[in-house]
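An overview of the molecular structure
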Amino acid sequence: MAHIRKNDKVKVLAGKEKGRQGKVLRVFKEKDTALVERLNMVKRHTKAGGRAGQQGGIIEKEAPLRMCKLMLVCPKCSKPTRTGVEVLEDGSRVRYCKKCSEHLES
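This write-up is about the structure you can find in this document. (Residues numbered from 1 in each chain as written. Predicted model: local features only at pLDDT ≥ 70, side-chain atom pairs only at ≥ 80, totals over all residues. Heavy atoms only, no water.)

Regarding the state of the cysteines
Disulfides are covalent bonds that link the sulfur atoms of two cysteine residues. All chains considered together, the criterion is met by 0 disulfides. No disulfide involves Cys77; its sulfur sits 3.6 Å from that of Cys74, the nearest cysteine. Taking relative accessible area as the criterion, Cys77 reaches 23% and is therefore assigned partly exposed. The thiol sulfur of Cys100 is not disulfide-bonded, and the nearest other cysteine sulfur, from Cys97, lies at 3.5 Å. The partly exposed category is assigned to Cys100, whose relative accessible area is 28%. (Disulfide = S-S within 2.5 Å. Buried < 20%, exposed > 50% of the residue type's maximum accessible area, 1.4 Å probe, protein only.)

Structure follows, in structure tokens:
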């Protein structure tokens, strides 16, 4: 079970974005990276054209961050925290905050 998922709020632990928080837009399991909203912005020079009639120019977009540099921010206690996995009576697994012991899934 991944400790960070889509729509989680995370804090960056290292790098040029250290200390900033954002929402996870997408997780790439095979590369162990995640896209975080408005963090790690890069500029891409794109050529106009294509099937969609894409406009050319310099486009600014998010680049993936390594998951080891991200820490989940608990929605209940609003602190960056480690997560644990708990198995419920019905056999389902849920993540919980190690600081306040609240379940992170609704």
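Side note on the nonpolar core
In this structure, Ile4, Val10, Val12, Val24, Ala34, Val36, Leu39, Leu65, Met67 and Leu70 together form the largest nonpolar core, which totals 10 residues. Contributing elements (two or more residues each) for this core: strand S1 (9-12) and strand S3 (33-36). Discounting residues that sit within four places of it in the chain, Val12 has contacts with Glu17, Lys18, Gly19, Arg20, Leu39, Leu65, Lys69 and Leu70. (Core = buried A, V, L, I, M, F, W, Y, C linked by side-chain atoms within 4.5 Å. Helix = DSSP H or I, 4+ residues; strand = E, 2+ residues; numbered from the N terminus. Contact = heavy atoms within 4.5 Å.)

A look at the environment of Ile4
Summarising the element assignment, Ile4 is placed in the segment before S1. Its relative accessible area of 1% is what places Ile4 among the buried residues. In sequence terms Ile4 and Val85 are 81 residues apart; their C-alpha atoms lie 12 Å from each other. Aside from chain neighbours lying at most four places away, what touches Ile4 is Val10, Val24, Val27, Met67, Leu70, Met71 and Arg95.

Describing the pattern of salt bridges
Tallying each qualifying case throughout the model produces 3 salt bridges. Its salt-bridge partner being Arg20, residue Glu17 comes within 2.6 Å of it at the nearest N-O pair. Between Arg66 and Asp32 there is a salt bridge, with its nearest N and O atoms 4.0 Å apart. Here Asp32 lies in the loop between strand S2 (21-28) and S3 and Arg66 lies in strand S6 (residues 65-66), a separation of 34 residues in the sequence. (Salt bridge = Lys/Arg side-chain N within 4 Å of Asp/Glu carboxyl O.)

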